[in-house]
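# Architecture and fold: a report
One letter stands for each residue in the lines below.
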Amino acid sequence: MGCPGRTTLSFLLIFVPVYLHGALSQEAGPMGQRKPFFERLRRLEEQFRRFQEVTLTHLQAIASNYNLSYNIDARFQSLAQESQALALAVNQSQATVQGDLGHLKTWIRKTQRRSRKVDSRLLALGVALRERSQQLTQERKEQAAQREALSSLALDMRALQDTLARLTHVVQSQGARLDALKEWLPAACPGTTAPARPALPSQSSPKLQEGRQVLRTSPEPLDLPRDFAGHLQGTREPPGPGSQWARRPERLGEVCNVGPALVFPNTSTENVVFLRPGFLAGLRALSVCSWVRTASGHLGTLLSYATAENDNKLVLHGRDSLVPGSIHFVIGDPAFRELPLQPLLDGQWHHVCVIWTSLLGRYWLHVDRRLVATGSRFREGYEIPPGGSLVLGQEQDSIGGGFDGSEAFVGSMAGLAIWDRALVPGEVSHLATGKELPPGAILTLANAALVGGFVQRVNCTCLELCP
């Protein structure tokens, strides 16, 4: 916009000197020409003044346009800076949103995984309830058969008692007749000796044979399958005034030589112990025994074994949602059994043995040498695969990780050992009384390769001295 003003100014600077030079040259002419010259000069001056005014107006317009363009450039620069700041803020906001979306996706995946676990466990619980109802139905039938057998036996006993009463009456009447005969014989036949008193009915007596026949025809009691402790298979001893659950476990004597103890002081997810090398071969039988003392009023996770296929291949853990003192014994999630460990809540040392075999799916729970629970058809024919991660004190949601503080164990463990076979009651009793360790243990606390967090490894001579 400044180019027309600059052209006009240049024209004036060239035109005015040329014009003045022509005028001065005309002054040297005759006097007759001076008058028209001055007239032209006056007009020229007027034109020059008007031209100056126009030029001034143009110069003012140029100056105002220059100021306006300068202000526009400044505003453009300000807008560019604001746009850059806005773009930076938008980028930061996008990064924050993407981070939040990543956390949200991770939380959603974890929630979905846990919901699937809950659904699987609910299905397993439904299956377990159906199996339990079938067992109860079978037990009711067996009890009804036993009641019928007892009723028949009572009738047979009553018949036998009636038969014995009749035999006693016959013997007494025969004795009276013999006494009368002995009195009559000396009077009727003097010099004859009295006959000897007949003996009691012999083994071949018809009446005794009749009584024996009654006993033989009575139905024999049912021979129900029992485990090595004398309990019915697939049943759990009902709680009652005389049951093992209602009794406080007997106080064990001083137990020594249990090996090192592990102390888990709090629910930190860093408190974990890895047992390595883990299971080197598949297990079709298992025995897990340890001295345990809880400090928090709930059991938490004692043991967790995870593989790439399933993060709950073998778990012993208690949850806040369970009955206090109950623990889930999981083999190949979602299959599990709920075991009672209420005695462990008193804060004292207790010896716990969990035994399982794939043969008929039998399992046993011993607490302080007492058989607390037993059952069958739990993972019958199943094999626990090798090559997984075995930890103490935490429940794994992934191999070697995914810990949750609400599932952590708080307390102490001592003398833990694992066998790839089912221990017999005598071996369990020896463990609980501090005697020799049964042979064939595949893992002990000596295999604790990594102790993390605040877990303390303590060597104590006797159990009562362990923290």
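Conventions used here
Residues numbered from 1 in each chain as written. Predicted model: local features only at pLDDT ≥ 70, side-chain atom pairs only at ≥ 80, totals over all residues. Heavy atoms only, no water. Helix = DSSP H or I, 4+ residues; strand = E, 2+ residues; numbered from the N terminus. Patch = residues over 30% accessible without salt bridge, like charges linked within 9 Å, V, L, I, M, F, W, Y side chains within 5 Å. Areas by Shrake-Rupley, 256 points an atom, 1.4 Å probe, with all protein chains shown as cover. Salt bridge = Lys/Arg side-chain N within 4 Å of Asp/Glu carboxyl O. Buried < 20%, exposed > 50% of the residue type's maximum accessible area, 1.4 Å probe, protein only. Disulfide = S-S within 2.5 Å. Phe/Tyr/Trp six-rings, centres within 6.5 Å; stacked < 30°, edge-to-face > 60°.

### So, the environment of glycine 405
Counting through the fold element by element, glycine 405 comes out in the loop between strand 11 (389-392) and strand 12 (411-419). Here the alpha-carbon distance between glycine 405 and glycine 300, two residues 105 residues apart in the chain, equals 9.3 Å.

### Points about a nonpolar patch on the surface
Judged by side-chain polarity, Val97, Leu101, Leu104, Trp107 and Ile108 come together as a nonpolar surface patch covering roughly 480 Å² of accessible area. Mapped onto the secondary structure, leucine 101 falls in helix 2 (residues 34-188). We classify leucine 101 as partly exposed; its relative accessible area is 44%.

### Some details on the state of the cysteines
Counted according to the given criterion, the structure contains three disulfides. With a sulfur-sulfur separation of 1.9 Å, cysteine 256 is cross-linked through a disulfide to cysteine 462. Classification of the bridge connecting cysteine 256 and cysteine 462 rests on its S-S torsion, roughly 85°, and on that basis the disulfide is right-handed. One end of the pair, cysteine 256, is in the loop between helix 3 (206-216) and strand 1 (261-264); the other, cysteine 462, is in the segment after strand 15 (456-458), with 206 residues separating them in the sequence. Cysteine 256 gets classed as partly exposed once you look at its relative accessible area, which sits at 22%. Cysteine 462 sits in the buried class, given a relative accessible area of 10%. In this model cysteine 460 forms its disulfide with cysteine 466; the gap between the sulfur atoms is 1.8 Å. Here cysteine 460 and cysteine 466 share a disulfide; its torsion about the S-S bond, 75°, makes the bridge right-handed. Neither cysteine 460 nor cysteine 466 differs from the other in exposure class; each is buried. When the cysteines of the chain that form disulfides are numbered from the N-terminus onward, they connect as 1-5, 2-3, 4-6.

### Comments concerning the pattern of salt bridges
With the rule as written, the count across this model stands at 13 salt bridges. Ionic pairing is found between glutamate 39 and arginine 43, a salt bridge with its closest N-O pair at 3.6 Å. Taken as a pair, glutamate 39 and arginine 43 lie in helix 2 at a separation of four residues, close to a single helical turn. The exposure class of arginine 43 is partly exposed, given its relative accessible area of 38%. Taking the shortest distance from any N to any O, the salt bridge between glutamate 131 and arginine 337 comes out at 3.2 Å. Taken together, the residues span a long stretch of sequence, with glutamate 131 in helix 2 and arginine 337 in strand 7 (residues 336-340) at a distance of 206 residues.

### A word on the packing of aromatic side chains
Counting across every chain of the model gives five aromatic pairs. Between phenylalanine 329 and phenylalanine 378, the aromatic rings sit 5.5 Å apart at their centres with planes inclined by 65°, giving edge-to-face as the arrangement. You can see phenylalanine 329 sitting in strand 6 (residues 326-331) and its partner phenylalanine 378 sitting in the loop between strand 10 (370-375) and strand 11, a full 49 residues away along the chain. Since its relative accessible area comes to 1%, phenylalanine 378 is described here as buried. On the numbers, 5.8 Å between centres and 80° between planes, the contact of tyrosine 363 with phenylalanine 378 is edge-to-face. With tyrosine 363 in strand 9 (residues 362-367) and phenylalanine 378 in the loop between strand 10 and strand 11, this residue pair connects regions lying 15 residues apart in the sequence. In this pair, the class of tyrosine 363 matches that of phenylalanine 378, namely buried. Grouped by ring-pair contacts, the aromatic residues Phe329, Tyr363 and Phe378 constitute a single cluster.

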